[in-house]
Amino acid sequence: MAAPALFSKPEQGRPQDGRPYKLSISLRNRLNNIAARVFWLITLIPVGLVIAITVALAVRSAPILQSHSLVELFTGTVWKPFGGQFGFLPFIAGTFWVTTIGVILAVPPCLLTAFYLSEYARPITRNIMKPLLDVLAAIPSVVYGVWGMLVIVPFVQKTFMPWMSSHFGFIPLFASNQPTGFSVISGGVILAVMIIPFIIAIIYEILKTVPQDLREASLGLGATRWETITLVIFPKILPGIIAAIVLGASRALGETMAVLMVVGNVPQIPTSIFDAAYPLPALIANNYGEMMSIPLFDAALLLAAFILLLIILTFNVIATLVLQRILGRRGK
Amino acid sequence: MQPHIQVKNLNVHYGRTHVLKDINLEILPQQITVIMGPSGCGKTTLLKTLNRFIELVDGTRVTGQILLDGQDIYSNDVDVTEVRKRIGLLAQRPQPLPMSIAANVAYGMQIHRMKSNRQEVRKSVQHYLEVAGLWEEVSHRLNDPATSLSTGQQQRLCLARGLAIEPEIILGDEPTSALDPISSQHIEKRLLTLKDTYTTIIVTHTLRQAKRLADQVIFMYLGEVIEAGPADAVFNHPKVERTQQYLAGLF
Ligand SMILES: Nc1ncnc2c1ncn2[C@@H]1O[C@H](COP(=O)(O)OP(=O)(O)OP(=O)(O)O)[C@@H](O)[C@H]1O
Ligand SMILES: [Mg+2]
C-alpha cells in the first residue's frame with residue numbers, strides 16, 4: 001500500500017518540477033536581507049516627502065523673506081499684493097479664530113459621546129453608533145461646505161446673530177458688525193462637526209486601554225460610574241484627551257474647502273464671532289495660480305503654506321508622540 | 001450562630017453557559033470561609049455575585065437570592081453602591097488607583113462622605129494603613145503615587161483602602177497569588193487578625209493556605225457546591241469522593 005504522498009520521501013530530494021525542496025540557508029538569509037532593505041526604503045518615502053515639501057516651500061518662499069522682514073510679515077495687517085504689502089496677521093488670526101471656535105464647540109460633545117459609548121452604552125448601542133460616527137468622518141469636506149452654506153450661514157444670519165446681538169450685543173465678542181452669516185462662527189461650527197467624529201474615535205480608543213480591573217477597583221469601593229469616570233478614568237487619560245484634541249485641532253487648522261465656503265474670506269482681523277475672516281488655507285486655495293505676475297505674490301502664498309505646514313507638523317508630532325505612548329501601553 | 005450571608009438557589013448563566021448551578025450556602029460571621037475547587041469551577045463567579053460585580057459582565061443572568069442579614073442584595077430597592085460599600089473585594093492583582101498612597105485610602109471615605117474634615121480623613125488613613133501593616137513602610141511618603149509601591153505593598157494598600165470604607169464583609173479572590181511568599185504571609189496574618197471583626201470569604205488554590213486560614217470550607221466542582229462545612233471536617237473527613245481526590249492532589 002502506498003503511503004500518503006505528503007509523507008513520502010522525496011526521491012533524491014527533488015520534486016517533479018525540479019525545484020529544490022530547500023533553499024540553502026545563505027540564500028534564504030540573502031532574500032530576507034533584500035526584503036528588509038526594500039521595506040525600509042519604502043517606509044522612508046513618506047519621511048522623504050515631508051522633508052522634500054518643506055524644503056521646496058522654504059526655497060520658493062525665500063524671495064519674500066529677502067525683501068520683507070519676518071516681523072513685518074507676521075505683524076503686518078495690510079494685504080495689498082499690488083502695493084507689495086504682505087501682512088499675514090489677518091490670515092493667521094483668521095485661522096486661529098476658526099480653529100479655536102471649532103475646538104471649543106467640539107470638545108464637550110466629544111468627551112460626552114466617547115465616555116458614554118465606552119462606559120455606559122450597552123454593546124448593541126455601541127455597535128450601531130461606532131460605525132455611524134466613522135461614516136460621519138468619511139463625508140467629503142465640500143459636502144460639509146455646501147451644508148454650511150445652506151443651513152448654518154442662514155441660521156447664523158437670521159436667527160443666531162440677531163438673538164445674540166439683542167441679548168449680548170454689548171460684548172464685543174458677540175457684536176454683529178456685518179449683515180451676512182458668512183463668519184468665523186459659521187466656519188467654527190462646520191469645523192466642529194467635521195472633527196467631532198475624529199476626536200471621538202481617538203478618545204474611545206484611549207478609553208479602551210484603561211484596564212477593566214481599574215474600573216472595578218473603584219466600583220468595588222462603592223463608587224458610582226460617574227465617580228469612577230470623573231475621579232479615576234478621566235485623570236488617568238487626561239494627557240491622551242489633550243493629545244486627541246490637539247490632533248483634532250491640527251486637522252481643523254488645515255481644513256480648507258468647507259471653511260472657505262462659509263467664512264466670508266475678508267482679510268481682516270476678526271474681533272467678533274460674527275465677523276468674516278480669511279484663514280490661511282483659504283488664502284492659498286483661492287489665490288494660488290492666479291495673478292502670478294504680481295511680484296513676490298507666488299513667494300508670499302508659498303510662505304503662507306510654509307507657515308501652515310510648520311504649525312500643523314508641530315501639533316501633529318507632539319500629539320502623535322503622546323498618543324503613541326498611551327496606546328502603546330495597551331495589552332501590557 | 002445567625003448566618004451573615006445566605007445564598008439561596010443561586011444560578012448564574014454567562015450567555016448560554018450555565019456557570020453556577022443551584023448554589024445554597026450559609027456564610028457565618030467572624031469566620032474565614034475558604035472556597036476551593038479546580039480552575040473554572042465558578043469560584044470567581046460566585047464571589048462576583050456576592051458584590052454584584054457580575055452585572056458588569058454583559059450577557060449574564062442571575063437567578064435566586066443572596067441575603068445579606070436577611071435582605072436580598074438583588075432586590076430593586078437595594079442600591080448597588082451600598083452593597084459594595086458593605087462588601088469589600090480584594091482582587092487577585094492589586095490595582096492601585098492613579099493617585100497618591102494617601103488618596104487611595106481616602107478615596108472610599110470621600111465618595112461616601114464618611115468623614116467631616118481633613119483631619120479625620122488623615123487620621124483614618126493612618127489607622128487603616130496600620131491595620132493593613134503598611135504604615136511604617138509608607139508613612140514618610142504618603143503623597144507618592146501608589147504605583148511606586150511594590151506589588152506586595154500595593155496589595156496591602158488595597159486592603160487598607162477596602163477596610164477604610166468600613167465594610168462588614170471582605171472578599172478575596174486569590175488575594176496572594178500574585179505575591180511573593182513574604183508578602184503573602186503579611187496578607188494572611190492580616191486576614192487572621194481581622195477575622196474577629198469581619199466576615200471573610202477567600203478563594204484560594206493552595207491547600208496549605210486554605211488549612212492555615214479556614215474556619216469553614218466550601219468545595220466547588222463544575223459550578224456546584226460539592227461539599228461545605230467546618231474546616232476540620234472537610235479537610236480530615238471529607239464525605240464526597242471528589243473532595244477526597246482534590247485534597248489528595250489528584251486533580
Ligand atoms: N465573561 C465570561 N463569559 C463567559 N464565560 C465566562 C466568563 N467568565 C467566566 N466564564 C466561564 O465561567 C466558568 C467559571 O469561571 P470562573 O472564573 O468563575 O472560574 P474560577 O473557579 O474562578 O477559575 P480559576 O480558578 O481559574 O480562577 C468558566 O467555565 C469560565 O470559562
Ligand atoms: Mg478565579
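One can find the structure itself at the top, above this paragraph.
The structure presented is a predicted model; accordingly, all values stated were derived computationally and were not measured.

This part covers the overall build of chain B. Of the regular secondary structure elements, chain B holds 10 helices and 10 strands. Relative to its length of 251 residues, chain B is compact, with a C-alpha radius of gyration of 18 Å against a globular reference of 18 Å. Going through the 251 residues of chain B one by one, you find that 55% of them count as buried. The long-range fraction of contacts in chain B, counting pairs at least 24 apart against all pairs at least 6 apart in sequence, stands at 68%. When the accessible area of chain B is evaluated, it comes to approximately 11,600 Å², of which 45% is carbon and sulfur surface. Seen as two clouds, the 27 positive and the 26 negative side-chain charges of chain B have centres 4 Å apart.

Now for the packing of aromatic side chains. Counted by the stated rule, this structure contains 12 aromatic pairs over all chains. Ring centres 5.4 Å apart and planes at 75 degrees place the aromatic pair Trp79 of chain A and Phe86 of chain A in the edge-to-face group. Each of the two residues, Trp79 of chain A as well as Phe86 of chain A, counts as buried. Feature note: the residues Trp79, Phe86, Phe88, Phe91, Tyr278 and Phe297 of chain A constitute an aromatic cluster, connected by ring pairs. Arg251 of chain A extends its terminal NZ or CZ atom over the ring of Phe198 of chain A, reaching a point 4.0 Å from the ring centre. The ring centre of Tyr74 of chain B lies 5.4 Å from the NZ or CZ of Arg52 of chain B, which sits over that ring.

With that settled, the discussion passes to the sheet that holds strand β2 (residues 17-27) of chain B. Residue and element names in this part refer to chain B. One open sheet accounts for four strands, arranged β2-β1-β4-β5; its pairing is antiparallel. Lying at the two open borders of the sheet, with one neighbouring strand each, are β2 and β5 (71-72). Here two bridges tie strand β4 (residues 60-68) to β5, and the two strands are oriented antiparallel to one another. Bridging from a neighbouring strand, Leu68 pairs with Gln71 of β5.

Moving on, we get to the site of ligand 1. Residue and element names in this part refer to chain B. In the vicinity of ligand 1, the contacting residues are Tyr14, Val19, Ser39, Gly40, Cys41, Gly42, Lys43, Thr44, Thr45, Val57, Glu174 and His205. At a separation of 2.5 Å, an oxygen atom of ligand 1 approaches a polar side-chain atom of Ser39. For ligand 1, an oxygen atom lies 3.0 Å from a polar atom in the backbone of Gly42. Taken by itself ligand 1 offers 640 Å² of open surface, and the protein chains cover 59% of this.

Attention now moves to the pattern of salt bridges. Pairing of side chains with opposite charge becomes possible as their charged atoms draw close. Residue and element names in this part refer to chain A. Scanning the entire structure with this criterion turns up 11 salt bridges over all chains. Two residues, Lys208 and Glu205, come together in a salt bridge whose shortest N-O distance is 3.7 Å. Here Glu205 and Lys208 lie together in helix α6 (residues 184-208), a separation of three residues that amounts to about one turn. Given the relative accessible area of 46%, Lys208 is considered partly exposed.

Attention shifts here to the packing of helix α3 (residues 101-111) of chain B against helix α6 (residues 151-163) of chain B. All names here are of chain B. At a minimum axis separation of 7 Å, α3 and α6 run at an interaxial angle of 30 degrees. By the angle between their directions, the pair α3 and α6 is classed as roughly parallel. Every pair of crossing elements has a handedness; the one defined by α3 and α6 is right-handed. Only Leu157, Ala160 and Arg161 of α6 make contact with α3, whose side of the interface consists of Ile101, Asn104 and Val105. The class makeup of the residues in the contact of α3 with α6 is four nonpolar, one polar and one charged.

Rules used throughout
Residues numbered from 1 in each chain as written. Chains lettered and ligands numbered in written order. Predicted model: local features only at pLDDT ≥ 70, side-chain atom pairs only at ≥ 80, totals over all residues. Heavy atoms only, no water. Helix = DSSP H or I, 4+ residues; strand = E, 2+ residues; numbered from the N terminus. Rg over C-alpha atoms; globule rule 2.2 N^0.38 Å. Buried < 20%, exposed > 50% of the residue type's maximum accessible area, 1.4 Å probe, protein only. Contact = heavy atoms within 4.5 Å. Areas by Shrake-Rupley, 256 points an atom, 1.4 Å probe, with all protein chains shown as cover. Lys, Arg positive; Asp, Glu negative; His and termini not counted. Charge placed at Lys NZ, Arg CZ, Asp CG, Glu CD. Phe/Tyr/Trp six-rings, centres within 6.5 Å; stacked < 30°, edge-to-face > 60°. Lys NZ or Arg CZ within 6 Å of the ring centre and 35° of its normal. Pairing = 2+ DSSP bridges. Near = heavy atom within 4 Å. Polar contact = N/O pair within 3.5 Å; in protein donor to acceptor, adjacent residues only side chain to side chain. Salt bridge = Lys/Arg side-chain N within 4 Å of Asp/Glu carboxyl O. Axes fitted to C-alpha atoms, helices over the stretch in contact; angles between N-to-C directions. Parallel < 35°, antiparallel > 145°, perpendicular 65-115°, else oblique. Left-handed = near helix turned anticlockwise from the far one by under 90°. Nonpolar A, V, L, I, M, F, W, Y, C, P; charged D, E, K, R; others polar.

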